[in-house]
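Fold and geometry: a report
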Amino acid sequence: MDELGQQAADVLRRNDRGGWTRPSPELYPHQWSWDAAFVAIGWAHLDPIRAVAELQSLFVGQWSNGMLPHVVFDPTVAAGAYEPGPEAWSSAGHSPFGVATSAICQPPVHALALQRVREVSTGSGPEVLDAVDTAIADLYPRLARWHRWLRSARDPHGTGLITILHPWESGLDNSPRWDDALARIDPSVGPDGPRPDLDVVGDPAQRPTDDDYRRYRFLLERLIAVDHDQAQALRSHPFRMHDVWFSAILAASDDALADLAVVVGMPEAAEGHRADGDNTRAGLDRCWDTDLARCRDIDLVGGAPVAADTIAGFAPLVAGTNIDRTAKLVDRLWSPSYAGNPSLTWALPPTTAVDDPAFDARSYWRGPQWPPMTWLLWRGLRRAGHRRSASRLRQTALDQLRATGCTEYVEPCTGEPLGSRDQSWTAAVALDWLATTD
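Attention here is on the structure that accompanies the text. The model shown is predicted, which means the values in this text are computed figures rather than measured ones. (Residues numbered from 1 in each chain as written. Predicted model: local features only at pLDDT ≥ 70, side-chain atom pairs only at ≥ 80, totals over all residues. Heavy atoms only, no water.)

Description of unusual backbone geometry
Excluding glycine, residues mostly have negative phi values, and the peptide bonds linking residues are mostly trans. Condition: The numbering of helices and of strands both runs from the N terminus, where a helix is a DSSP run of H or I of at least 4 residues and a strand a run of E of at least 2.
In this structure, P84 follows E83 across a cis peptide bond, with omega equal to 0°. A positive phi is found at A293, a non-glycine position, where the angle reads about 55°. Looking at the secondary structure, you find A293 in the loop between β5 (288-289) and β6 (294-295).

Thoughts on the packing of helix α11 (residues 244-263) against helix α12 (residues 267-286)
Relative placement of two packed helices is described by the angle separating their axes and the distance separating the axes. Put simply, the rule is: Simply put, an axis is a line fit to the C-alpha atoms, just over the touching stretch for a helix, and the angle between two N-to-C directions goes from 0 to 180 degrees. Orientation labels follow simple angle bins: below 35 degrees gives roughly parallel, above 145 gives roughly antiparallel, 65 to 115 gives roughly perpendicular, and whatever is left gives oblique. Definitions for this section: a left-handed crossing has its near helix turned counterclockwise from the far helix by less than a right angle. A right-handed crossing has that turn clockwise. Contact definition: two residues touch when any of their heavy atoms are within 4.5 Å. Here the nonpolar group is Ala, Val, Leu, Ile, Met, Phe, Trp, Tyr, Cys and Pro; Asp, Glu, Lys and Arg are the charged ones; every other residue, Gly included, is treated as polar.
Packing of α11 against α12 leaves a shortest axis separation of 8 Å and a crossing angle of 165°. With respect to each other, α11 and α12 are oriented roughly antiparallel. Seen from above, α11 lies across α12 with left-handed handedness. Side by side, α11 and α12 meet where V244, S247, A248, A251, D254, D255, L257, A258, D259, A261 and V262 of the first sit next to P267, A269, A270, H273, R274, D276, G277, T280, R281 and L284 of the second. In the contact of α11 with α12, the residues fall into 11 nonpolar, four polar and six charged.

With respect to the nonpolar core
The criterion, for reference: Take the buried Ala, Val, Leu, Ile, Met, Phe, Trp, Tyr and Cys residues and link them wherever side-chain atoms come within 4.5 Å; each set so joined is a nonpolar core. Each residue is placed in one exposure class: buried if its accessible area under a 1.4 Å probe, protein chains only, is under 20% of its type's maximum, exposed if it is over 50%, and partly exposed if it falls in between.
If you look at the biggest cluster of nonpolar residues, it comprises 134 residues, and the most contacted ones within it are W34, L143, W245, M373, W375 and L377. At 13 residues, α11 tops the list of elements feeding residues into this core. Contacts of W375, omitting those with residues within four sequence positions, involve F38, I41, L112, V429, D432 and W433.

Some points on the sheet that holds strand β4 (residues 241-242)
For clarity, the threshold we go by: When DSSP finds two or more bridges between two strands, those strands count as paired.
Judged by pairing direction, the sheet is antiparallel, and its four strands sit side by side in the order β3-β4-β7-β8 without closing on themselves. The outermost strands of the open sheet, each flanked by one partner alone, are β3 (163-164) and β8 (304-305). The sheet contact formed by β3 and β4 spans two bridges and is antiparallel. From the neighbouring strand, I164 faces β4, where its bridge partner is M241.

Considerations on the pattern of salt bridges
Rules: When a carboxyl oxygen of Asp or Glu is within 4 Å of a side-chain nitrogen of Lys or Arg, the pair counts as a salt bridge.
Going through the model one piece at a time under the given rule, you end up with 32 salt bridges. Of the charged contacts in the structure, one is a salt bridge between D16 and R50, with a shortest N-O distance of 2.8 Å. Pair noted here: D16 is in the loop between α1 (3-15) and β1 (31-32) and R50 is in helix α3 (residues 48-58), with a separation of 34 residues, a long-range link. Taking the relative accessible area as the measure of exposure, D16 reaches 27% and is therefore partly exposed. Bridged by salt links that share partners, the residues R116, E119, R383 and D432 form one connected network.

Regarding the environment of I162
Looking at the secondary structure, you find I162 in the loop between α5 (126-153) and β3. Of the residues examined, I162 reaches a relative accessible area of 0% and is grouped as buried. Taking the C-alpha atoms as reference, I162 lies 33 Å from V200; in sequence the two are 38 residues apart. Those residues within four positions of I162 in sequence are excluded, and the remaining contacts are L150, R154, D155, M241, H242, D243, F246, S247 and L250.

This is how it looks when you write it as structure tokens:
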């Protein structure tokens, strides 16, 4: 294992809490949903049994209706270390007894991750593979319920597109994708609250603003007011968005879930999972803007496609799409708007187009480069047969990681590491890239 591999392995081991992994030592002290999926991929290269334990631990927090919360809280963490903490969500009547969770979700990377864990495990010997397959048999029905909840509770009309009810559900918290929708909310209606994230990061320019946080807390209060009733929220919640990036990840995970159904001896279920993925790909087709050559989120309250040019526009590449559309997206990926911009230290996609008016090189999801998002695009390129572009992206990402370490995100123009250090999901994708030869 080279120096980067050793560093990444050390990050996972330092953040290991026994059966689950903190995303980072201080900024994110609990277990986050989509972080855990990426983390499992990283653990697969160190200990496949530990990798599946990561997902099993996360699914302890699954609600009885199938929803997988975006945070499972660690009861040993001091009050106030992360806000909003477990008491803020009013989720006790919904989450499993004795398990504190949030009450919203995050992109469903989990089946995709479990598929990758099994792929890695095939080289670890029959005993390890048998143990992983036993864990898959345990996890498969939970994953199927999770996907079924998303498709029933968040897409009741079968559009193929998932509606998110809070920017945190997208995982891309303060992306310009949400600016117009959030601007309709007067920040004064949201409560003030402590910002321990600023104590850890130090530089407020790297984090969402106080006004953003007031709006986030207001949206949380509105969900609590309807006791997290999804049908009521879909009718009246002030933030409702068809999220193409979230939906694309679900389509890719539906395909992975179909493969896992075969592993557990349920090939008849695989056809349904693939049909679900195809339905989402059809939904993404309707969000495709031919003139702009990108996919666009739909603001369901404002009734219009989102104008901001962000990494979400590459959603069809993540989900899988036709040859012509893939080629157009590859061209955009290497264009001056994204990885081909000469001002970038590393030719990797920023989270917002460099030429978009809202681009901010230092602010969280408004411009910085995030290795796990690059990983999703890399995976899509490989599966679409664009191996040369995929290899170029992977090698450049590894060059960046060797220079910046396992940081949360990177300022794309100066190459400065930003956010939290010792970030687990960054370490995880580093290990996966290092184990890939093409």
